[in-house]
Amino acid sequence: MNLVVVSNRVARGKANEPMTGGLAAALLPVVEKSGAIWVGSSGRVREGAQKEPFAEIEALGAGALAMLDLPAAHYGGYYEGFANSALWPALHSRTDLIRASQEDYLSYREVNAFMARALLRFAKPEAVFWVQDYHFLALGAELRDLGVTQPIGFFLHTPWPARAVIGGVPHHRELVEAMLAYDLIGFQTQDDCENFLSYVQSDLGLGVQDGVVASRHGRSHVAVFPIGIDPEKFAVQAAKAVSHPDVSRLRRSLNGEKLAIGVDRLDYSKGLVNRINAFDEMWTLHPALRRTVSLLQIATPSRGAIEAYGNLQNELAKLISDVNGRHGEVDWTPIRYLNKGFSQTVLAGLYRTAQVGVVTPLHDGMNLVAKEYVAAQNPADPGVLVLSKFAGAANELDTALLVNPHDIDSMARTIATALSMPLTERRMRWEAMMAKLRAGTIQQWFADFVDALEEAQSDKAATEPLVPEPPTLWPLRSVNSSTRF
Ligand code: F6P
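We now turn to the structure provided with this report. (Residues numbered from 1 in each chain as written. Predicted model: local features only at pLDDT ≥ 70, side-chain atom pairs only at ≥ 80, totals over all residues. Heavy atoms only, no water.)

1. With respect to the overall build of the chain
Then, number 1: If you tally the helices and strands in the chain, you get 16 helices and 16 strands.
Then, number 2: Counting only C-alpha atoms and orienting by the principal axes, one finds that the chain spans roughly 75 × 45 × 45 Å.
Then, number 3: Counting all 485 residues of the chain, 57% fall into the buried class.
Then, number 4: Here the contacts in the chain between residues at least 6 apart in sequence split such that 77% fall between residues at least 24 apart.
Then, number 5: For the chain, the exposed area adds up to about 19,500 Å²; of that, 51% sits on carbon and sulfur atoms.
Then, number 6: Side-chain charges in the chain split into 46 positive and 53 negative, and the spacing between the mean points of these groups amounts to 6 Å. (Helix = DSSP H or I, 4+ residues; strand = E, 2+ residues; numbered from the N terminus. Buried < 20%, exposed > 50% of the residue type's maximum accessible area, 1.4 Å probe, protein only. Contact = heavy atoms within 4.5 Å. Areas by Shrake-Rupley, 256 points an atom, 1.4 Å probe, with all protein chains shown as cover. Lys, Arg positive; Asp, Glu negative; His and termini not counted. Charge placed at Lys NZ, Arg CZ, Asp CG, Glu CD.)

Right, here's the structure in full:
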C-alpha cells in the first residue's frame, strides 16, 4: 500500500520549533514513521497556470513531504473565505459568524479540484488516499471525477454539528453529497457521527444501515476515530523540558505561587473570553487566591486577516488588561498573556509546571492540549485538568473536572476546587486519564483508520458496484523521474 495523506497545513517543524495547529503537529510523527507521502500547502501562492504544481518534495522519515503552491487567484476565497469564514464557524456552531460569498465557494471548489489534479501524480494502483479536515470536503469527489478508483478516506478534526447548523452553510447539500465519494468518513466523537448521519438521512434522504450510507457514489462507511497523542513520549519530553531555560525562568518567577495554564490558538471557539471572566470571578469571590495563583495564557495568533479573529484579539487584550488592572499588585500580575507560539518541548515543560490546566473551549473537535497537559504531569504530584464538556476529549478524559464554559460562576468555583484538590484525589483522577491516553494513542488512531479504510474498500469490492467504471483518464500524468514517486 502507498499511503498518501493530504491536509492543508503540513508540518516541517521539529520538537524545538514552534508549530501551528493540532492537526499538523499530531500527524508529523506518525506520518514520518509510516512511509506515507504527505501532501499539503507550501504556505505560498502562485499566479497563473502551473505546469508543475509541486513547489517542493522532500524526504520525510521513510516517506516524503510534497508541498504545493496554491493558486493565488483562489487562495483567499478558499482559506480565509469559505474554509474559515463559512465552514469553520458552522462546524463550531457559530452560524452568526458565517460570512461567505459565491466567489469564496467557487474558490474553495477550485482549490479542491486543483489539489485533486496534483494528486494524480501519486495515484499508483496500490495508492490509498487519506484526506484531512474541512478544507477538502469535496476532494474525494474531485478525485473520483478524474477517474481515481483507489480507496479514499476522510477524517474531520473539527466537530460536526446538528443538522440545522449545517443547513446554515451555503451549498451544504452539494458539499455533503460530495463527501459521500469518500469510502470512509471518520469523526472525533459519536455525537459528530450521529449528527452527520442524521443530516444525510433527513436532508439528503439517503439510506443508512449500520453506519454505511448508500449514495450515487457507492457505499460510504461512517465511524468514530478519536485522535490521540503519544503519551509516553510526551511524558519523557515534559520531564526533560523542566530544565529548558524558558521553563526554568518561569519556575523561578513563580516564587512558590501556583500556576494555571491555558494554551490555545486565538480562536473564538476556544472560549477564551469566558475563561478570563471565570478567573476574574474567582479572584473576586476568593480574594485569598490573589497572589497565590496566576494564569499563564498563551494565545497564538491565528487567521488574522479574518475580521472575527481581529475583533477577538482586541476584545481579549482589553479584557485581560482590565482584569490585571483590577486584581494586580505592584509586584503581582494575575494573568501573563502571550500572543506567540512555543515549541512542543517548551509547552511540555510549561504544562508540567502548572498545577491546573484550563482547557475550556465552547466547542472543539478533540483538543489535544487537554491530552498533552495530562501526559506532561509528574506522576507523583500531578496537576488537575479543568476541561470543557464540549471538547471531544471530555468523552475519554471524564475524570477531569468537567465544566460548562458558558457557566462562569461554576467555572470559577471549579478552578478554585482544582487548586485545593488533595494529592490522593489528583493522583486517582490523573491515573484514570493516563490509562485512557495509553489505550488511544495517535499510533493506534492512525492504524485503526487505515485498517478501516482498507476494509471499507473490500466491502465496496464485494458489493454491487454503484459507481460507474472509471474513464480511461488515469494515470494522466507522467511521474517526474527525478523523484521516487
Ligand atoms: O481543528 C482543526 C484544525 O486543523 C486543528 O487541527 C488546527 O489546530 C487548526 O485547525 C489549524 O488551523 P490553521 O491551519 O488555519 O492554522
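Picking up after the structure, the text goes on.
2. Quick look at the site of the ligand
Then, number 1: Around the ligand there are 11 residues in total, and Arg9, Leu23, Tyr79, Asp133 and Arg303 lie nearest to it.
Then, number 2: Between Arg9 and the ligand, the recorded distance is 2.8 Å, taken from a side-chain N or O atom to an oxygen atom.
Then, number 3: Between the ligand and the protein, one listed contact pairs an oxygen atom with a side-chain N or O atom of Tyr79 at 2.4 Å.
Then, number 4: In isolation the ligand exposes 400 Å². Once the protein is present, 89% of that is buried.
Then, number 5: Of all the secondary-structure elements, those providing two or more residues to the shell around the ligand are α1 (22-34) and α2 (72-91).
Then, number 6: Taken together, the residues of the shell around the ligand sort by class into 3 nonpolar, 4 polar and 4 charged. (Near = heavy atom within 4 Å. Polar contact = N/O pair within 3.5 Å; in protein donor to acceptor, adjacent residues only side chain to side chain. Nonpolar A, V, L, I, M, F, W, Y, C, P; charged D, E, K, R; others polar.)

3. Focus: the pattern of salt bridges
Then, number 1: Enumeration over the complete set of coordinates arrives at 24 salt bridges.
Then, number 2: The shortest N-O distance in the salt bridge between Arg219 and Asp459 comes to 3.0 Å. Of this pair, Arg219 sits in strand β10 (residues 218-224) while Asp459 sits in helix α16 (residues 442-462), and the two are 240 residues apart along the sequence.
Then, number 3: A salt bridge links Asp246 to Arg249; the nearest nitrogen and oxygen atoms lie 3.0 Å apart. Note that Asp246 and Arg249 are positioned in helix α9 (residues 245-254) at a spacing of 3 residues, about one turn of the helix.
Then, number 4: Since its relative accessible area comes to 27%, Asp246 is described here as partly exposed.
Then, number 5: Accessibility expressed as a relative area gives 49% for Arg249, which makes it partly exposed. (Salt bridge = Lys/Arg side-chain N within 4 Å of Asp/Glu carboxyl O.)

4. Focus: the pairing of strand β2 (residues 37-46)
Then, number 1: Strand direction decides the pairing type here: strand β1 (residues 2-6) and β2, joined by 3 bridges, are parallel. From the neighbouring strand, Val6 faces β2, where its bridge partner is Val39.
Then, number 2: Sheet analysis places β2 next to strand β4 (residues 63-71), joined by 7 bridges and oriented parallel. Across the sheet, the residue bridging to Ile37 is Ala64, located in β4. (Pairing = 2+ DSSP bridges.)

5. Details of the environment of Val346
Then, number 1: Inspection of the secondary structure assignment puts Val346 in helix α12 (residues 344-353).
Then, number 2: Setting aside residues up to four positions removed in sequence, Val346 forms contacts with His244, Asp246 and Val247.

6. Concerning empty space enclosed by the protein
Once rolled over the atoms, a probe with the size of a water molecule shows which space is left empty.
Then, number 1: Per the stated rule, a full pass over the model turns up 3 cavities of 30 Å³ or more.
Then, number 2: Its boundaries defined by the atoms lining it, the largest cavity holds a volume of some 70 Å³.
Then, number 3: For the lining of the largest cavity, the secondary-structure elements that each account for two or more residues are α2 and α6 (172-179).
Then, number 4: Of the residues contributing to the lining of the largest cavity, the split by class is 9 nonpolar, 1 polar and no charged. (1 Å grid on protein atoms, 1.4 Å probe; cavity = no way out; pocket = protein on both sides within 12 Å on 5 of 7 lines; lining within 4 Å. Points joined across faces, edges and corners; volume = space filled by probe spheres on them.)

7. Overview of α16
Then, number 1: Taking 1.5 Å per residue as the helical rise, α16 with its 21 residues ought to reach 30 Å, and the 30 Å between its terminal C-alpha atoms agrees with that figure.
Then, number 2: What α16 keeps buried is the set Ile442, Trp445, Phe446, Phe449, Val450, Ala452, Leu453, Ala456, Asp459 and Lys460. (Expected span 1.5 Å × (residues − 1).)

8. Describing a negative patch on the surface
Then, number 1: A cluster of like negative charges, contributed by Asp448, Asp451, Glu454 and Glu455, occupies part of the molecular surface.
Then, number 2: Residue placement: Glu455 occurs in helix α16. (Patch = residues over 30% accessible without salt bridge, like charges linked within 9 Å, V, L, I, M, F, W, Y side chains within 5 Å.)

9. Description of unusual backbone geometry
Then, number 1: One non-glycine residue with positive phi stands out, namely Arg303, at about 50 degrees.
Then, number 2: Turning to its location among the elements, Arg303 is positioned in the loop between β12 (293-300) and α11 (307-327).
Then, number 3: Judged by relative accessible area, Arg303 falls into the buried class, the value being 13%.
Then, number 4: The phi angle at Asn367 is positive, at roughly 80 degrees, despite the residue not being glycine.

10. Thoughts on helix α10 (residues 272-285)
Then, number 1: For α10, spanning 14 residues, the distance from its first C-alpha to its last is 20 Å, which sits close to the expected 20 Å at 1.5 Å a residue.
Then, number 2: Most of α10 is tucked away: 10 of the 14 residues are buried.
Then, number 3: When α10 is considered as a whole, its buried residues turn out to be Leu272, Val273, Asn274, Arg275, Ile276, Ala278, Phe279, Asp280, Met282 and Trp283.
Then, number 4: Tucked inside the fold, the buried residues of α10 contact β11 (258-265), β12, α11, β13 (335-338), β14 (356-359) and α14 (408-419).

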